[in-house]
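Given next are the chains, with one letter for each unit.
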Amino acid sequence: MNDKFLFGVILGMLGGAVLVTNSVKARQVVKDGQEQVIQKVEDMTKKPKKNTQK
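Described below are features of the structure shown in this document.

Criteria and cut-off values
Residues numbered from 1 in each chain as written. Predicted model: local features only at pLDDT ≥ 70, side-chain atom pairs only at ≥ 80, totals over all residues. Heavy atoms only, no water. Helix = DSSP H or I, 4+ residues; strand = E, 2+ residues; numbered from the N terminus. Areas by Shrake-Rupley, 256 points an atom, 1.4 Å probe, with all protein chains shown as cover. Patch = residues over 30% accessible without salt bridge, like charges linked within 9 Å, V, L, I, M, F, W, Y side chains within 5 Å. Salt bridge = Lys/Arg side-chain N within 4 Å of Asp/Glu carboxyl O. Axes fitted to C-alpha atoms, helices over the stretch in contact; angles between N-to-C directions. Parallel < 35°, antiparallel > 145°, perpendicular 65-115°, else oblique. Contact = heavy atoms within 4.5 Å. Nonpolar A, V, L, I, M, F, W, Y, C, P; charged D, E, K, R; others polar.

Re the overall build of the chain
Link 1 in the chain: When its secondary structure is counted, the chain shows two helices and zero strands.
Link 2 in the chain: Just so you have it, the chain exposes about 5,500 Å², and 63% of that area is on carbon and sulfur atoms.

Overview of a nonpolar patch on the surface
Link 1 in the chain: Residues Phe-5, Leu-6, Val-9, Ile-10, Met-13 and Leu-14 make up a contiguous nonpolar surface patch of about 560 Å² in total accessible area.
Link 2 in the chain: Structurally, Ile-10 is set in helix α1 (residues 3-22).

Overview of the packing of α1 against helix α2 (residues 24-46)
Link 1 in the chain: Packing of α1 against α2 brings their axes to within 5 Å, and their N-to-C directions diverge by 105°. One element, α1, and the other, α2, form an angle in the roughly perpendicular class. In this structure, α1 uses Leu-19, Val-20, Thr-21 and Asn-22 to contact α2, whose residues at the interface are Val-24, Ala-26, Arg-27 and Val-30.
Link 2 in the chain: The class makeup of the residues in the contact of α1 with α2 is five nonpolar, two polar and one charged.

A short note on the environment of Ala-17
Link 1 in the chain: Structurally, the position occupied by Ala-17 is in helix α1.
Link 2 in the chain: When the C-alpha atoms of Ala-17 and Arg-27 are compared, they prove to be 9.7 Å apart, with ten residues separating the residues in sequence.

Shown next, in the form of structure tokens:
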């Protein structure tokens, strides 16, 4: 991998972590996104399986 690209990825992750740590609004957005993902996964696993036998 390109060293500059890897450095940019790491810098972006650290910047995002600092932003979420210091911002209540950003933290709420992350929390809401996690809840939506969890709900979608639960909905997908709870769908009844179709019976293909006749």
